[in-house]
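# Geometric and topological summary
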Amino acid sequence: MIKSNLKQIVREAAQRAHAEGHLPSDDFPDVEIEEPKIETHGDFSTNLAMIMAKVQKMPPRKVAEILQPYLEEAAAWIQQTDIAGPGFINFFIAPDAWGPVLTTIHAANDRYGASAFGKGRKIQVEFVSSNPTGPLHVGHGRGAAVGDSVARILAFSGYDVQREYYINDSGRQIRTLGLSVLLRYSALFGESIDFPETCYQGDYIIEMARALKDQQGDRLLSQSEDEAVTTCARYAAGLIIEGIRQDLLDFGVSFDQWFSEQSLYDSGRVDASIATLREKKQVYEKDGALWFKSTDFGDEKDRVVVRNNGITTYFASDIAYHQEKFERGFDRVIDVWGADHHGYIPRMKAAVAASGVNPENFQVILVQLVNLLRGGAPVAMSTRAGEFVTLQDVVNEVGSDAARFLFLTRHYDSPLDFDLELAKQKSNDNPVYYVQYVHARIASICRKAEIDLPVDAPLDPQALAVLTDPEDVQLIKQLNRYPDIIQTSARFMEPHRVTFYLMTLAGAFHSYYNRQRVLTDDPITTKGRLYLVTAVQKVIRNGLALLGVSAPDHM
RNA sequence: GCGCCUGUAGCUCAGCUGGAUAGAGCAACGGACUUCUAAUCCGUAGGUCGCAGGUUCGAGUCCUGCCAGGCGUACCA
């Protein structure tokens, strides 16, 4: 609020200076207001004079000098302006001008930081989309945390968000799943059978085979292998998806839609897409296969959509799927993928472009891998051998809050070491508790305060005036940053910005708490400080909610 | 070979898309509990931002070339 007012003031100062003949050009760039790192540089600063110097044909400091008088008279809350360094204009804000920030926070409550940035545009976030051939592992957990948080942040920033899970319930691997279960099932009846390496090795396969036996008896043994595999595949995939859905719910993640790949085949959608490609001459035949001309749209080589055995590739259904997404009316489509799929992006962008959609409206968030550690030592994992730590294991061991928070303490672009021992530790090594502790501490103060005076009493104007110590102002300034953080986080789809902000705010609060008593003998001071810390509490709760992490009243 | 990602304090990472004197947390060292929750705080120390050029008033950030690590380069999904 202060910042945008300042922006306006600077803009008007430049206009007036030009109107009164002090600046030759009216070609004004966008005004950027930033917060200097160093205290002596003021509360805010602008580099406008430096940017304009060339156009105005005068040195930056001269431009700043021309602007300065207009700025100083613009508002009473601008206490002082300085011209510094190569031509920065620094603003010092009157200490009593910060109070209204708190009023804004309390009025907006859990909507503080929300914006109309997305202008109501429809956006889809597709994430996790793990194959229904086994339980989710830790890597999926990171993808889930990132996708879910991005979705929350975008929704909070004025987008109409839809969350979707794409189920790869078609193709060879699902047959392999069926075969794996069938073999284990047959073994239960004493048949000695080789269990190939290509099959899924985990114990969960055996468990499903047992359940199937309990349910169906020996009925499958009399079926043809093809029929039995299909039965097993359908049964197992259904069970696994249900498990995945439950694991994600336990992780605080839910979806608006579960989209089946098989449904694209059943409805003829894949064939229709291929037909369209043919009509548009975006495919050609070579070596008995059908190739999509992705090189026409920036890919490095053309890609097969129908193999020479007549079977479509995974890419074919993906083309159909993404066309279908945009036909559903989304302005933007976001896919969250594991970083090992990055080679797939150019062809997917090409496919989107080929269907006449601006490829910029399709974006992929690549989430780097998770290295699972225990006490600093790597935890051996091998999907092939069926040895892996599942997301459910992690949630059971360290809790959903800790896991989600830690997944979001890194930019998704960089690999993440996830240490199970560290995540469990309820100490200052663990940032989750550091942040949650703020909320609990303030809740505790409120519990105590209510003995003496009601927290939700309308604020005495005098009480706001109490909050002018540097300690108070520093904390309020921190709160004032929140909406900008959210907006940047939405613009770049980077939830870790929220995580880092919360850690910083938590640090500022803990520091404040150790210096200033909230509940004092003076009722006005107490009121003012309660007003301040409950605002902190709201922002903490608000930010944690965007990460999908709870804000406890007791710890 | 080609493509993508990464390289910042001893360790793990931020750095608001080009701003001023480089920022946290761990780890190290020294302090603070009769107090609204010590799951906390205060202080000290720690740097050739992988290397070399370039762009400009100004580069950790942008461009080029190297070096190192990870991943990818299917008629698999």
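Residues numbered from 1 in each chain as written. Chains lettered and ligands numbered in written order. Predicted model: local features only at pLDDT ≥ 70, side-chain atom pairs only at ≥ 80, totals over all residues. Heavy atoms only, no water.

The next thing to look at is the domain arrangement of chain A. When cut into domains, chain A gives domain 1 (2-93), domain 2 (109-117 + 427-547) and domain 3 (172-228). Summarising the inter-unit geometry, the C-alpha centres of domain 1 and domain 3 are found 74 Å apart. (Domains from an automatic or database assignment.)

What follows is about the sheet that holds strand β12 (residues 362-367). Spatially, the 5 strands line up as an open sheet ordered β7-β6-β5-β11-β12, and their pairing is parallel. Every interior strand has two partners, whereas the edge strands, β7 (257-260) and β12, have only one. Taking each pair of neighbouring strands and ignoring which way they run, the sheet shows an average axis angle of 25°. Pairing of strand β11 (residues 332-338) with β12, which is carried by 6 bridges, proceeds in the parallel orientation. Across the sheet, the residue bridging to Val-333 is Phe-362, located in β12. With respect to the sheet, helix α12 (residues 345-354) is in contact with β11 and β12, its orientation differing from that of β12 by roughly 165°. (Pairing = 2+ DSSP bridges. Helix = DSSP H or I, 4+ residues; strand = E, 2+ residues; numbered from the N terminus. Axes fitted to C-alpha atoms, helices over the stretch in contact; angles between N-to-C directions. Contact = heavy atoms within 4.5 Å.)

This next bit is on the pattern of salt bridges. Scanning the model with the defined rule gives 22 salt bridges in all. Close ionic contact of Arg-481 with Glu-35 constitutes a salt bridge, the shortest N to O distance being 2.5 Å. Of this pair, Arg-481 sits in helix α18 (residues 470-492) while Glu-35 sits in the loop between β1 (33-34) and β2 (44-46), placing them 446 residues apart in sequence. Among the residues examined, Arg-481 registers a relative accessible area of 26% and is labelled partly exposed. The partly exposed category is assigned to Glu-35, whose relative accessible area is 24%. For Asp-43, the salt bridge goes to Lys-477, with nearest N and O atoms at 2.9 Å. Of this pair, Asp-43 sits in the loop between β1 and β2 while Lys-477 sits in helix α18, and the two are 434 residues apart along the sequence. Since its relative accessible area comes to 13%, Asp-43 is described here as buried. The exposure class of Lys-477 is buried, given its relative accessible area of 17%. Salt bridges here are not isolated pairs; linked through shared partners, they connect Asp-148, Arg-152, Arg-163 and Arg-404. (Salt bridge = Lys/Arg side-chain N within 4 Å of Asp/Glu carboxyl O. Buried < 20%, exposed > 50% of the residue type's maximum accessible area, 1.4 Å probe, protein only.)

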